[in-house]
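Descriptive analysis of the structure
As a plain string of letters, each chain reads:
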Amino acid sequence: MSPHHYRHRNPKALLTPAMHNVLERIARAGNVPMHALSPRQARLVYAAGAGVLELPTTALPRVEDFTVPARDGYAIPVRLYAPSLECLPVLVYFHGGGFTIGNIATHDGLCRRLAHLAGCAVLSVDYRLAPEHKFPTAQEDAWDVVQWVAQSGQSCQLDTGRMALGGDSAGGTLAAVCAIQARDAGLPLCLQLLFYPGVAGHQNTPSHQTFAQGFVLEEPQITYFFEHAIRTAADRDDWRFAPLDGRTESGYTADLTGVAPAWFGLAECDPLVDEGVQYADNLRMAGVSVDLEIYRGVVHEFIKMGRAIPEAAKAHADAAHTLKKAFAR
């Protein structure tokens, strides 16, 4: 199923004209590459640029900040978005950023749009970041919030019988991992909504080579994120870090039978596209219902570029449509 043009002599020729223009502008800006910055600097740079290409913010009647307790007593900040004041199904959302950067604010526009378009509540999770908090802290924080929603979400007007998990990039990793844990815990989910998730522990698919440089998410940056997130090289082979090719304690890859239906929104010109396609295939082989969209000619992070890239609004609408359907079942 893998898009077969990776041996493309000039992968830049795959880009849409609008995407090409964005990449040209980024190149002309001549900023220091993220992997040359400290994590603290990288967070500031990412936060400063996060809203630049976003669509205008959607006003919602209900936006609330509060915290959810983690297993070690840490108060995990969350933000709840709701398009109405009634009891609503909920998408628990994990932001991207390689487990190292990103926060509730950097994904505020996206979460507002999804709440508005899907007519559901969205709970955005500020899980702890590496390198201050290495693997598996993000995974544990994510799962602690999912369990809290299942047990206590009704107190916030959330219909806990209709829950979905979603995320982009590293947040997609967290959503995929929590979907497996939810299956193990007997916690029913309506959907896992995965925007270009990172699901492999090693950068060894053809798309990692083809799109290694000049397509926003660059190879040195992935390595930078991974090196900050893991404690030792062995963590790359843990299924909670890499649900596609990581291993469980018994030495096998994660069993995907019976996990929630999945929707994938992948970017064609993204180092992570191959692993996304492979994970979708593995879910299908395990009997899971899968919807897969590959948005042509765009790069990783495109869903946060709606002002410049029409495919972003299309992906938001496709994701929202799938959420609505999943919650209506």
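Before any of the text, the structure's been laid out above.
First things first, this report covers the structure right here in the doc. Nothing here was measured: the structure is a model prediction, and the numbers come from that model. All residue numbers refer to positions counted from 1 along the written sequence of the respective chain. Two thresholds apply to this predicted model, a pLDDT of at least 70 for residue-level local features and 80 or more for giving and counting side-chain atom pairs, whereas whole-chain, interface and lining totals are computed over all residues. Neither water nor hydrogens contribute to the side-chain values; these are computed over all heavy atoms in the structure.

Focus: unusual backbone geometry
Here the bond from alanine 130 into proline 131 is cis, since omega is 5°, no more than 30 degrees from zero. In this description a helix means any DSSP run of H or I spanning at least four residues, a strand means any run of E spanning at least two, and both kinds are numbered starting from the N terminus. With respect to the helices and strands, proline 131 occurs in the loop between β4 (121–125) and α4 (137–152). Look at the link from phenylalanine 135 to proline 136: it is a cis peptide, with omega at 5°. In this fold, proline 136 is placed in the loop between β4 and α4. Located in the positive-phi region is tyrosine 196, a residue other than glycine, with phi close to 25°. Summarising the element assignment, tyrosine 196 is placed in the loop between β6 (191–195) and α6 (206–210). Judged by relative accessible area, tyrosine 196 falls into the buried class, the value being 1%. Residue exposure (1.4 Å probe, protein chains only): buried if accessible area is under 20% of the type maximum, exposed if over 50%, otherwise partly exposed.

Notes on the packing of aromatic side chains
By convention, a stacked pair of Phe, Tyr or Trp rings (six-membered ring in the case of Trp) has centres within 6.5 Å and planes under 30 degrees apart, an edge-to-face pair has planes over 60 apart, and any other such pair is tilted. On inspection of all chains with the given rule, the structure shows 10 aromatic pairs. When the ring of phenylalanine 135 is compared with that of phenylalanine 241, the centres are 5.8 Å apart and the planes differ by 85°; the resulting orientation is edge-to-face. Residue phenylalanine 135 is found in the loop between β4 and α4, and its partner phenylalanine 241 is found in the loop between α7 (219–229) and β7 (262–269); the two are separated by 106 residues along the sequence. An angle of 70° between the planes, with centres 4.9 Å apart, marks the rings of phenylalanine 226 and phenylalanine 241 as edge-to-face.

What about the pattern of salt bridges?
Between Lys or Arg on one side and Asp or Glu on the other, a salt bridge is scored when a side-chain nitrogen of the former is within 4 Å of a carboxyl oxygen of the latter. Under the counting rule described, the total for this entry stands at 19 salt bridges. Aspartate 238 is the partner of arginine 240 in a salt bridge, and the nearest nitrogen-oxygen pair spans 2.9 Å. Of the charged contacts, one joins aspartate 318 and lysine 314 as a salt bridge, the two residues approaching to 2.9 Å between their closest N and O atoms. Of this pair, aspartate 318 and lysine 314 are both found in helix α9 (residues 310–328), 4 residues apart, which corresponds to roughly one turn of the helix. For aspartate 318, a relative accessible area of 15% corresponds to the buried category. One network of salt bridges, in which partners are shared, links Asp65, Arg79, Asp108 and Arg112.

Quick look at the environment of aspartate 65
Of note, aspartate 65 is situated in strand β1 (residues 62–69). Along the sequence, aspartate 65 and valine 52 sit 13 residues apart, while their C-alpha atoms lie 23 Å from each other. N or O atoms closer than or at 3.5 Å make up a polar contact, with two conditions inside protein: a donor-capable atom paired with an acceptor-capable one, and, for residues adjacent in sequence, both atoms drawn from side chains. One polar contact links aspartate 65 to arginine 79, side chain to side chain, over a distance of 2.7 Å.

Concerning the nonpolar core
Soluble globular proteins tend to bury their nonpolar side chains together. Among buried residues, those of type Ala, Val, Leu, Ile, Met, Phe, Trp, Tyr and Cys that are joined through side-chain atoms within 4.5 Å constitute a nonpolar core. In this structure, Phe94 and Phe264 are the most contacted members of the largest nonpolar core, which totals 76 residues. No other element matches helix α5 (residues 170–185), which puts 9 residues into this core. Throughout, a residue-residue contact means that at least one pair of heavy atoms, one from each residue, lies within 4.5 Å. Ignoring sequence-local partners within four residues, the contact set of phenylalanine 264 consists of Leu194, Pro197, Gly276, Tyr279, Ala280, Leu283, Val290, Asp291, Leu292 and Glu293. Of all hydrophobic cores here, the second largest spans 43 residues; its members include Leu110, Cys269, Val298 and Ala320.

Considering helix α3 (residues 108–118)
Within α3, 9 of the 11 residues are buried, leaving the element largely enclosed by the surrounding structure. Buried within α3 we find Asp108, Gly109, Leu110, Cys111, Arg112, Arg113, Leu114, Ala115 and Ala118. Looking one or two residues past α3, glycine 119 carries a phi angle of roughly 65°, positive in sign.

Remarks on the packing of α4 against α5
Fitted lines through C-alpha atoms serve as axes, helices being fitted only where they are in contact, and the angles separating the N-to-C directions of these axes extend from 0 to 180 degrees. At a minimum axis separation of 10 Å, α4 and α5 run at an interaxial angle of 55°. Classified by the interaxial angle, the pair formed by α4 and α5 is oblique. Between α4 and α5 lies a crossing whose hand is right-handed. Counted together, Ala138, Gln139, Ala142, Trp143 and Val146 of α4 and Leu174, Val177, Cys178, Gln181, Ala182 and Ala185 of α5 form the full contact between these two elements. Oblique is the label for any angle not covered by the other classes, which are roughly parallel (under 35 degrees), roughly antiparallel (over 145) and roughly perpendicular (65 to 115). Note on convention: near helix rotated counterclockwise from far helix by under a right angle means a left-handed crossing. Clockwise means right-handed.

Description of the sheet that holds strand β3 (residues 88–94)
Strand pairing in a sheet relies on backbone hydrogen bonds. The paired strands run either parallel or antiparallel. Two strands are counted as paired when DSSP detects at least two bridges linking them. Read across the sheet, 8 strands follow the order β1-β2-β4-β3-β5-β6-β7-β8 without closing on themselves; strand pairing throughout is mixed. Taken across any chain shown, the strands that pair with only one partner, and hence form the sheet edges, are β1 and β8 (290–299). Ignoring strand direction, the axes of neighbouring strands in this sheet form an average angle of 20°. With 6 bridges joining them, β3 and strand β5 (residues 158–168) adopt parallel strand pairing. Within β5, the position partnered with phenylalanine 94 by the bridge is glycine 167. Most of the contacts of α3 go to strand β2 (residues 75–82), to which it runs at about 45°, and overall it touches β1, β2, β3, β4, β5 and β6. Each of β3, β5, β6, β7 and β8 is contacted by α9, which is oriented at about 170° to β8, the strand it contacts most.

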